[in-house]
Structures are given as C-alpha cells and as structure tokens.
Amino acid sequence: MSAVNDAEMRELASRAAGGDREALERVLMAARDDVYRLALRMLWHPQDAEDATQEALIRIMTRIGSYRGEAAFATWAYRVAANHILNFRRSRVERENLNFRRYGEDLTEGLAAPDKTRPDADLLAEEVKLGCTLGMLLCLDRDHRLAYVLTDVFALPSSDAAFICDVTQVALRKRASRARAQLRGFVSAHCGLVNKSAACRCDRRVNAALRKGRVDPNHLNFALHINPEDAVGEMERLHDLASLMGSHPNYRAPGTVNATIRAVIESGEYKLLK
C-alpha cells in the first residue's frame, strides 16, 4: 500500500485512532489507490468504483481504532475495504447479469476489420481490451472474483488474501482455482490474444463497441491511464490469462476522492470506533 512501510503505517494508524487528523489523512491517502484498483476490478465502472472507494475509505477511517495489529495495516485495510465492496450495491454493469456464455456470444457479434485510418485506433483497441478483461471478471460471482483478483492479479500471499476474504487458506485457494479455471477456459475459447485461432480481436471489436455505446472515444474509462504508444507493443506480449489480466495500468483514484475524504476528515462528522 503505497511506499509507506508497515511499521510507519502502524504508527500512523495509532496516531489517527488517537485523533491526529494529519495522520488519519496520510493513512487514507496511502490506502486510496489500492482500494480504487480493487473496486474497479470488482465493479467495472469507474464511477461505481469511485463511490465504493470513498465509502470504503470512510469505513477504514471510522474503524481504525479497532485495528489491533492482527495483520499488516495494509492487509487489515484491504479487508475492511473488501468487505464493504462485497456488500456494495450492484454496479451498473453487474445489473446486466453477465455470465461466460452470454459474454462469449456477445464477443462474436459485430466483428469487423479495424479502421486504421483513425488516429486513435490503437488507443480504442486498448480500451476494448481493458474493458473486456474487466467484463470477464464480472462473469464470476463476487466471492470468486475477489479471491482471483487478490491472488492472481494483485499476487498477494495466500495467507493475506485469506485474511482479507475472512476464509481459511484452503477455502481461498479453492475459490481462486475455480475462478482461474473458468477464466482460462473462456479466454482460450474466445480471446484472440491468447488463442490465435479465436475470432475475437480487440481491434475488430472497436466498431461494435462504439456502436453499442460501450466505448466513448471522447471519454475513455481505462486507456487514458496508459501511454498510447505502449498500447500496440503491450498487446503483442500477451499470450496467456495471467499476462492478459496483469496488463492493466496502475490505476489511480480520481482527485475527487481526495477532496471528499479531506472534507469528511475536516468536518468531524464521523466518529472513530474504538
């Protein structure tokens, strides 16, 4: 969680629990981007992820006095945030009730030759890829989605991931394994980046995505976090599920999250639980 080591985070958490507002802000700002990255992978839509991040940070803030050092502070904060996100309202994309069968059928519709005359063609293909891989995650239920993201995307130790999910390590590994098998089967059957014989290619999906309103060239949800010049080279390096899911940029929470959290801290509206 950011570059702050655990000893410093524990000290800041202790000071924050004692009423030090500066320490509290530093703790929450250190957790902010990690919580947002988790929320984005759990909910898909940036606005839903932003809302969930703000609420999860407030939950961390109000519960900080209950931290007893039972895990690294970052792991404890992840657990609080993950529990909130698991119970967060269904995101606008989750309401589409995606499953792997329907998602696979959708990917085969409207494939067309890419329009290479567009100056933003590569960036749009990257947007499709990022949105598509997040969509795959939404074909899993939330418990399996969380287990997979923590273990395979964020590469957390199984002991930490199990603590965050509040399950045994055996149960955690079973969830992650089931999720991995479903995702691997899906990309092997449908994703041309992983299986060269599969019909779907990100650039061939651009026209359909634009037509259906899933990609707005004037308001990209994901690809603006990357260097446009890196998009093509990155795609050429993808060859399996792990590299595909790990190809996302290091998303950062919107600046509005900072402003909201600072306003909440300064308001003194929320009491810290002991």
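Residues numbered from 1 in each chain as written. Predicted model: local features only at pLDDT ≥ 70, side-chain atom pairs only at ≥ 80, totals over all residues. Heavy atoms only, no water.

Caption draft 1: Geometry of the overall build of the protein chain. Within the protein chain one finds 13 helices and 0 strands. Secondary structure elements of the protein chain occur, N-terminal to C-terminal, as α-α-α-α-α-α-α-α-α-α-α-α-α. Taken over C-alpha atoms, the radius of gyration comes to 20 Å for the protein chain, in line with the 19 Å a tight globule of 274 residues would show. Taken along its principal axes, the extent of the C-alpha atoms in the protein chain is 60 × 40 × 30 Å. Per-residue burial for the protein chain yields a buried fraction of 50% across its 274 residues. Once local pairs closer than 6 in sequence are excluded, the contacts in the protein chain between residues at least 24 apart make up 78%. Accessible surface, the protein chain as shown: approximately 12,800 Å² in total, 48% of it carbon and sulfur. Considering the protein chain, the positive charge centre built from 40 side chains and the negative charge centre built from 37 side chains are found 5 Å apart. (Helix = DSSP H or I, 4+ residues; strand = E, 2+ residues; numbered from the N terminus. Rg over C-alpha atoms; globule rule 2.2 N^0.38 Å. Buried < 20%, exposed > 50% of the residue type's maximum accessible area, 1.4 Å probe, protein only. Contact = heavy atoms within 4.5 Å. Areas by Shrake-Rupley, 256 points an atom, 1.4 Å probe, with all protein chains shown as cover. Lys, Arg positive; Asp, Glu negative; His and termini not counted. Charge placed at Lys NZ, Arg CZ, Asp CG, Glu CD.)

Caption draft 2: How the structure looks around empty space enclosed by the protein. What the rule picks out here adds up to 1 cavity of 30 Å³ or more. Estimated volume of the largest cavity: approximately 50 Å³. As for the largest cavity, its lining consists of Pro114, Asp115, Arg118, Ala121, Asp203, Val206 and Asn207. Tallied by class, residues from the lining of the largest cavity come to 3 nonpolar, 1 polar and 3 charged. (1 Å grid on protein atoms, 1.4 Å probe; cavity = no way out; pocket = protein on both sides within 12 Å on 5 of 7 lines; lining within 4 Å. Points joined across faces, edges and corners; volume = space filled by probe spheres on them. Nonpolar A, V, L, I, M, F, W, Y, C, P; charged D, E, K, R; others polar.)

Caption draft 3: Structural detail: the packing of aromatic side chains. One pass over the structure, following the stated rule, counts 8 aromatic pairs. Between Trp44 and Phe222 the ring centres are 5.0 Å apart and the planes differ by 85°, which places this aromatic pair in the edge-to-face class. Taken together, the residues Trp44 in the loop between helix H2 (21-43) and helix H3 (46-63) and Phe222 in the loop between helix H10 (202-211) and helix H11 (231-237) connect sequence positions 178 residues apart. With respect to burial, Trp44 and Phe222 carry one shared label: buried. Centre to centre, the rings of Phe222 and Tyr251 are 6.4 Å apart; their planes meet at 70°, and the pair counts as edge-to-face. One end of the pair, Phe222, is in the loop between H10 and H11; the other, Tyr251, is in the loop between helix H12 (241-245) and helix H13 (255-267), with 29 residues separating them in the sequence. The same class applies to Phe222 and to Tyr251, which are both buried. Ring pairs connect the aromatic residues Trp44, Phe222 and Tyr251, which therefore count as one cluster. (Phe/Tyr/Trp six-rings, centres within 6.5 Å; stacked < 30°, edge-to-face > 60°.)

Caption draft 4: Geometry of the pattern of salt bridges. Counted according to the given criterion, the structure contains 22 salt bridges. Between Arg32 and Asp33 there is a salt bridge, and its shortest N-O distance comes to 3.1 Å. In this structure, Arg101 and Glu105 form a salt bridge, with 3.1 Å as the shortest nitrogen-oxygen distance. Residue Arg101 and its partner Glu105 are both found in helix H5 (residues 100-107); the two are separated by 4 residues, about one turn of the helix. Looking at Arg101, the relative accessible area reads 53%, which means it is exposed. Among the ionic contacts, a cluster of salt bridges with common partners joins Asp106, Glu109, Arg205, Lys212 and Arg214. (Salt bridge = Lys/Arg side-chain N within 4 Å of Asp/Glu carboxyl O.)

Caption draft 5: How the structure looks around the environment of Leu24. Looking at the secondary structure, you find Leu24 in helix H2. Leu24 sits 168 residues away from Gly192 along the chain, and the two C-alpha atoms are 46 Å apart. Not counting chain neighbours up to four residues away, the residues in contact with Leu24 comprise Ala16, Met61, Ile64 and Ile265.

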